[in-house]
Amino acid sequence: MNRFQTAAMTPTVAMPKPKPAVAQTPATEKEHERILASYGGAYDDPRLESLVSKTVDRLVAASDRPDQGYRVTILNSGAVNAFALPNGQLYVTRGLLALASDTSELSSVLSHEMAHVLSKHAAMREDQARQAAIVTRVVTDMSTDPDLTALALAKTKLTMASFSRNQEFEADGIGVGISARAHFDPYGAARFLSAMERNAELKAGKSSLDPRAQDFTSSHPATPERVQNALANARQFSGPGAGERDKADYLATLDGVIYGEDPSEGFARGRKFQHPKLGFTFTAPPGFSLDNTAQAVLGLKDGGGEALRLDVVSVPAEQSLPQYLRSGWMDNVDTASVEEFTVNGFPAATATATGEQWSFRLYAVRFGSDVYRFIFAAKSKSAAVDRTFRESVATFRRMSLKESEQVHPLRLKIVTVGANDTVESLAHRMAITDRQVERFRVINGLAANERVKPGDRLKIVVE
């Protein structure tokens, strides 16, 4: 083509409008990095990122503020969570994406968070969180009470002040409207709220200690009233089945996504914890459930009367472990209780410490160039309880190369229901031993008595 051809001879091509930018400040960038560190970083999956990005674009175009920019980050966490910063930075965990069953359910979450941004709720919550953080820091800095150390086993510093009930209902209404105008099924919100409620029931009785495990219901209560409100909002736009759900495409995109914890950062299966990258494993005492946080492995026994923390510290090679236990990093250590021993060939030391309501058993194990600290806490100290703590530490050992290589993450697999398949037969194919049938129903949005039909596409969890 002649480069001097006139503009009149060139066909007019409509250029796509650039997406509105998300305003970045040093404060929002710092908060972004903090969130990534707390939630295991970003989850790298181009197909999933494309799906979420396209969904957000549709919602933005249908909103009252198409000039508001958004940037979405998928977090590498099995928790069911989503939240927003005031500048339009949205976060959604792969755990939430795994729980949703179609794109309309995802759109209900994203539009809900967009509504918080549009209504300035996120800015109000940021102010509340900032005030809460100041109070937490003052209490932490002023306290030397070992009992607060015990309480810290079951609390995190990742505090996000909850939205008010009215703000939640307002965001629900705005979000359903945005989804409906974007031609998604507006009933997706009610379905997903119900799924969250059932997922929370599965976790009932297991207090999670990990900030990454604090789910959407922590700051977005999925009450029956809220589900009914979402249904009422949806009815204002259409009857059931009118909008798009895009279930087939959504499930196809989920195929192969990691489910639950990412083993590369260590993971718990029941009482057993393994960290292939660092090369160690241990088993918690009977009755304990474990959470792997960014800072430590935390455990809590059923009933809350016992807790544990395992973390790693640097101790100079010339400092002995008994000297370290007496060095003052923990208050009220009984120096006379300090004793040395070995754990599967590794140098170790132990001691006891006391508080008003908790008794502590401390262990330090030198593993390579680091020292691993076990802090066990019990409200009722006894020889039997102390023995279970010692037996747990005795399971600390190096993983073999073969063990490390055999550790794989659990993943979602999308399967087609066969003529002879049932809920039970499909659930028993899952690489999860805990409440298989209930979990299968929850991740697939199946009601308590609902059956599967041949040809249906559903999720199972496999190794």
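Within every chain, residues take consecutive numbers counted from 1 along the sequence as written. At least 70 in pLDDT is required for a residue's local features to be given in this predicted model, at least 80 for side-chain atom pairs to be given and counted, and no such filter applies to totals for whole chains, interfaces and linings, which use all residues. Values shown for side chains rest on all heavy atoms present in the structure; no hydrogens or waters enter the calculation.

Quick look at the overall build of the protein chain
Alright, step 1. Helix and strand definitions follow DSSP, with helices as H or I runs of at least four residues and strands as E runs of at least two, each counted in order from the N terminus. Per the secondary structure count, the protein chain includes 16 helices and 17 strands.
Alright, step 2. Of all 463 residues assigned to the protein chain, the portion counted as buried reaches 49%.
Alright, step 3. The criterion used for residue contact is that any of the two residues' heavy atoms lie within 4.5 Å. If you take every contact in the protein chain between residues at least 6 apart in sequence, the share linking residues at least 24 apart comes to 67%. Type-normalised accessible area, obtained with a 1.4 Å probe on protein chains alone, sets the label of each residue: buried when under 20%, exposed when over 50%, and partly exposed for intermediate values.

As for the pattern of salt bridges
Alright, step 1. Criterion for a salt bridge: a side-chain nitrogen of Lys or Arg within 4 Å of a carboxyl oxygen of Asp or Glu. Enumeration according to the criterion identifies 18 salt bridges in this entry.
Alright, step 2. Of the charged contacts in the structure, one is a salt bridge between arginine 58 and glutamate 244, with a shortest N-O distance of 3.3 Å. Of the two residues, arginine 58 is situated in helix H2 (residues 46–62) and glutamate 244 in the loop between helix H10 (224–235) and helix H11 (247–254); the sequence distance between them amounts to 186 residues.
Alright, step 3. According to the relative accessible area criterion, glutamate 244 is partly exposed, its value standing at 36%.
Alright, step 4. A salt bridge links aspartate 185 to arginine 191; the nearest nitrogen and oxygen atoms lie 2.8 Å apart.
Alright, step 5. You can call arginine 191 partly exposed: its relative accessible area is 25%.
Alright, step 6. Each member of the salt-bridge network shares a partner with another, and the members are Asp102, Glu105, Asp185, Arg191 and Arg245.

Some thoughts on the side chain of serine 359
Alright, step 1. Its place among the elements puts serine 359 in strand E13 (residues 359–367).
Alright, step 2. The residues contacting serine 359, other than those within four sequence positions of it, are Ala353, Phe376, Ala377, Ala378 and Lys381.

Brief notes about the environment of leucine 96
Alright, step 1. Topologically, leucine 96 is positioned in helix H3 (residues 94–99).
Alright, step 2. Measuring from C-alpha to C-alpha, the distance between leucine 96 and leucine 75 comes to 9.7 Å, with 21 residues separating the pair along the chain.

Describing the packing of aromatic side chains
Alright, step 1. For this analysis, a ring pair means two rings from Phe, Tyr or Trp (six-membered ring only for Trp) whose centres lie within 6.5 Å, classed as stacked if their planes differ by under 30 degrees, edge-to-face if by over 60, and tilted for the remaining angles. Tallied over the entire structure, the rule returns 19 aromatic pairs.
Alright, step 2. When the ring of phenylalanine 367 is compared with that of phenylalanine 396, the centres are 5.5 Å apart and the planes differ by 85 degrees; the resulting orientation is edge-to-face. Taken together, the residues phenylalanine 367 in strand E13 and phenylalanine 396 in the loop between helix H13 (383–393) and strand E15 (397–398) connect sequence positions 29 residues apart.
Alright, step 3. The class of phenylalanine 367 is buried, set by a relative accessible area of 7%.
Alright, step 4. Residue phenylalanine 396 is classed as buried on the basis of its relative accessible area of 0%.
Alright, step 5. With a centroid separation of 5.6 Å and 50 degrees between ring planes, the pair formed by tyrosine 372 and phenylalanine 396 is classed as tilted. Placement of the pair is tyrosine 372 in strand E14 (residues 370–378) and phenylalanine 396 in the loop between H13 and E15, with a sequence separation of 24 residues.

Topic: the environment of proline 454
Alright, step 1. Inspection of the secondary structure assignment puts proline 454 in the loop between helix H16 (436–443) and strand E17 (457–462).
Alright, step 2. Along the chain, proline 454 and threonine 416 lie 38 residues apart, while their C-alpha atoms are 7.5 Å from each other.

Some thoughts on helix H8 (residues 188–203)
Structurally, the α-helix is built with 3.6 residues per turn, so residues lying three or four positions apart point the same way.
Alright, step 1. Spanning 16 residues, H8 covers 23 Å between terminal C-alpha atoms, matching the ideal 22 Å at 1.5 Å per step.
Alright, step 2. Burial in H8 covers these residues: Gly188, Ala189, Ala190, Phe192, Leu193, Ala195, Met196, Asn199 and Leu202. Multiply 1.5 Å by the residue count of a helix minus one, and that product is the helix's expected span.

Brief notes about the confidence of the model for the protein chain
Alright, step 1. The quantity known as pLDDT measures the predictor's confidence residue by residue, on a range of 0 to 100. In the predicted model, the protein chain carries a mean pLDDT of 83, and the fraction of residues at 70 or more is 82%.
Alright, step 2. Confidence, expressed as mean pLDDT per element, reaches its minimum in the protein chain at helix H6 (residues 146–153) with 43 and its maximum at helix H15 (residues 423–427) with 97.
Alright, step 3. Low confidence marks residues 1–15, where pLDDT is under 50. Its contacts with residues over four positions away, or in another chain, come to zero contacts.
Alright, step 4. Counted against residues more than four places away or in other chains, residues 205–218, with its pLDDT under 50, gives 50 contacts.

Some words on the packing of helix H4 (residues 103–118) against H8
Alright, step 1. For every element, the axis is a line fit to its C-alpha atoms; helices are fit only across the contacting stretch, and the angle between N-to-C directions ranges from 0 to 180 degrees. In the contact formed by H4 and H8, the axes pass within 8 Å of each other and the chain directions differ by 85 degrees. In terms of orientation, H4 lies roughly perpendicular with respect to H8. Judged by residue contacts, Ser104, Glu105, Ser108 and Val109 of H4 engage Gly188, Ala189, Arg191 and Phe192 from H8.
Alright, step 2. Looking at side-chain class alone, the contact of H4 with H8 contains three nonpolar, three polar and two charged residues. Angles below 35 degrees are treated as roughly parallel, those above 145 as roughly antiparallel, those between 65 and 115 as roughly perpendicular, and all remaining angles as oblique. Asp, Glu, Lys and Arg are counted as charged, while Ala, Val, Leu, Ile, Met, Phe, Trp, Tyr, Cys and Pro are counted as nonpolar; the rest, among them Gly, fall into the polar class.

Side note on unusual backbone geometry
Alright, step 1. A positive phi is found at aspartate 246, a non-glycine position, where the angle reads about 50 degrees.
Alright, step 2. Looking at where aspartate 246 falls in the secondary structure, it is placed in the loop between H10 and H11.
Alright, step 3. Overall, the relative accessible area of 28% leaves aspartate 246 in the partly exposed class.
Alright, step 4. Although it is not a glycine, asparagine 332 adopts a positive phi angle of roughly 60 degrees.

Structural notes on the nonpolar core
Alright, step 1. Here the nonpolar core consists of buried residues drawn from Ala, Val, Leu, Ile, Met, Phe, Trp, Tyr and Cys, with membership extended through side-chain atoms lying within 4.5 Å. Leu97, Phe192, Leu254, Tyr259, Phe440, Val452 and Val461 are the most contacted members of the largest nonpolar core, which has 66 residues in total.
Alright, step 2. The contact partners of phenylalanine 192, leaving out residues within four places of it in the chain, are Val80, Leu96, Leu99, Ala100, Glu105, Ser108 and Val109.
Alright, step 3. Membership of the second largest hydrophobic core comes to 24 residues, among which are Phe288, Val343, Val365 and Phe374.

Digging into the sheet that holds strand E5 (residues 267–269)
Alright, step 1. Two strands qualify as a pair provided DSSP detects at least 2 bridges between them. Reading across the sheet, the four strands line up as E5-E6-E7-E15 and stay open at both edges, with antiparallel pairing between neighbours. Both outer strands of the open sheet, E5 and E15, are each paired with one neighbouring strand and no more.
Alright, step 2. With four bridges connecting them, strand E6 (residues 272–275) and strand E7 (residues 280–283) associate as antiparallel partners. Bridge assignment links histidine 275 to a residue of E7, and that residue is phenylalanine 280.

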